[in-house]
Amino acid sequence: MTLIQSKDSYIPQAPASSSAWPHFAPADVGPSELLATGFETLDVVIDTKRRTLWNFMRPRDGFVCFTPQLLRDMKSLHQMIPNLHEMTRRGGGDPVQYVVTASRIPGIYNLGGDLTLFAEKIRSGNRLAMQSYAHACTDLIYSNSTSFGVPVVTIGLIQGDALGGGFECALAHDVIIAERSAKIGLPEILFNLFPGMGAYSFLSRRLDCVRAEKMILSGRIYTAEELFEMGVVDVLAEDGEGEYATARYIESNARKHNAHTAVYQARRRVKPISEQELRDVVDIWVEAALNLTAADLRKMDRLAAAQKKRVANASGALSQMAAE
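Our subject in this report is the structure included herewith. What you are looking at is a predicted structure, and each value in this text was computed from that prediction instead of being measured.

A few words now on the nonpolar core. The biggest cluster of nonpolar side chains holds 68 residues, and the ones touching the most others in it are I158, F167, I184, L203, W285 and M300. Aside from chain neighbours lying at most four places away, what touches I184 is I158, A162, L163, F167, A178, R220, I221, Y222, A224, L227 and V233. V153, V175, I177 and Y249 belong to the second-largest nonpolar core, a separate cluster that totals 16 residues.

Here you go:
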């Protein structure tokens, strides 16, 4: 990666392709002892130059949905971030100011809930398992939406499909950056369900209840460009340049970090989303899920199969990219 020297910082040139991380400033990337143990389903990188923690979802076996293992790894990371922030501050260093959530799988951010798991638990009537999974999701959503209780700006970087819970995950961030042709939506209505892990709460505040319900009940898949025009996506990046656009956004706003964290804190005060609200809504989702019919579950099975095929193709592309 070629860098241009400026008086303020290193500015990365636009990448020529969407090759694997890092697109920019590899000399600035350093590991943290706190994160040295690693994660099974996440790649975590700290960019010390930009004071940014990048975490890339990379679930095992290419299942780019919220599997129980991915939920556990994300919970561990969320718990580490405040500790990392405090340890760095006490040591006289510069704490992380930005946390970016992205994906390693080409063309896919996250496809949402674990539909295969859902179908299994619904057919067996396992309410406890469904509720446990649902609460694990909303716990993470709430943690992310409150910036882990520390003064960081959270950024959801969407490169590719962000469907269902994947879209809800992105909505929980302070800032959403998406590549122009990324496909984003809430398809749960296709199998007679609704997105219960925060979509209504976050969309009704970014838009309003009428437009939030219209999006949820239509099942329509939008491009990032469409959602940018609606005000849901904050920064529109060109295809293949999402990481570059995120780095530039951070560099452009680093000097205003204090103001930005204060504004997002004010947003949470003026339009609060409580942990209890998220749990109450997801409990409604659990009840609705357990009421699905056999025909509904067959549709869920077909969508799960389509997702697996989509992910298999993407995983093959990733393996080829790594080999090169």
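Let us now look at helix α5 (residues 199-206). Looking at α5, one finds that the buried residues are A199, S201, F202, L203 and S204. Tucked into the core, α5 has its buried residues touching α3 (127-145), α4 (165-171), α6 (209-218) and α10 (275-290).

With that out of the way, let us pick up the packing of α3 against α10. The contact between α3 and α10 brings their axes to 9 Å, and the two run at 150°. Our pair here, α3 against α10, has a crossing hand that is right-handed. Every residue of α10 that contacts α3 at R127, M130, Q131, A134, H135, T138, D139, I141 and Y142 is listed here: E275, L278, R279, V282, D283, W285, V286, E287, A289 and L290. A per-class count over the contact of α3 with α10 returns 10 nonpolar, 3 polar and 6 charged.

Looking now at the state of the cysteines. One pass over the full model with this rule turns up 0 disulfides. Residue C137 stays outside any disulfide, its sulfur separated by 9.8 Å from that of C169, the closest cysteine. Overall, the relative accessible area of 5% leaves C169 in the buried class.

We now examine empty space enclosed by the protein. Any space left empty among the atoms is revealed by the rolling of a water-sized probe across them. In this structure the tally under the stated criterion is 1 cavity of 30 Å³ or more. Here the largest cavity is characterised by a volume of approximately 320 Å³. Contributions of two or more residues to the lining of the largest cavity are made by α1 (68-90), α2 (115-123), α3, α4 and α11 (294-323). Of the residues forming the lining of the largest cavity, the biggest block, 5 residues, is contributed by α3.

Now for the pairing of strand β8 (residues 153-158). Within β8, 6 of the 6 residues are buried, which leaves the element mostly enclosed by the surrounding structure. With burial as the criterion, each face of β8 is covered, one bearing V153, I155 and L157 and the other bearing T154, G156 and I158. Where strand β6 (residues 98-103) lies against β8, 4 bridges are found, and the strand directions are parallel. When the bridges of β8 are listed, V100 appears paired with I155.

If you trace the 4 strands from one edge of the open sheet to the other, you get β7-β9-β11-β12, paired in mixed fashion. Taken across any chain shown, the strands that pair with only one partner, and hence form the sheet edges, are β7 (108-110) and β12 (221-223). Pairs of neighbouring strands in the sheet enclose a mean axial angle of 25°, with direction left out of account. Pairing of strand β9 (residues 161-163) with strand β11 (residues 183-185), which is carried by 2 bridges, proceeds in the parallel orientation. Each bridged residue has a counterpart across the sheet, and for A162 the counterpart in β11 is I184.

Rules of the game
Residues numbered from 1 in each chain as written. Predicted model: local features only at pLDDT ≥ 70, side-chain atom pairs only at ≥ 80, totals over all residues. Heavy atoms only, no water. Core = buried A, V, L, I, M, F, W, Y, C linked by side-chain atoms within 4.5 Å. Buried < 20%, exposed > 50% of the residue type's maximum accessible area, 1.4 Å probe, protein only. Contact = heavy atoms within 4.5 Å. Helix = DSSP H or I, 4+ residues; strand = E, 2+ residues; numbered from the N terminus. Axes fitted to C-alpha atoms, helices over the stretch in contact; angles between N-to-C directions. Left-handed = near helix turned anticlockwise from the far one by under 90°. Nonpolar A, V, L, I, M, F, W, Y, C, P; charged D, E, K, R; others polar. Disulfide = S-S within 2.5 Å. 1 Å grid on protein atoms, 1.4 Å probe; cavity = no way out; pocket = protein on both sides within 12 Å on 5 of 7 lines; lining within 4 Å. Points joined across faces, edges and corners; volume = space filled by probe spheres on them. Pairing = 2+ DSSP bridges.

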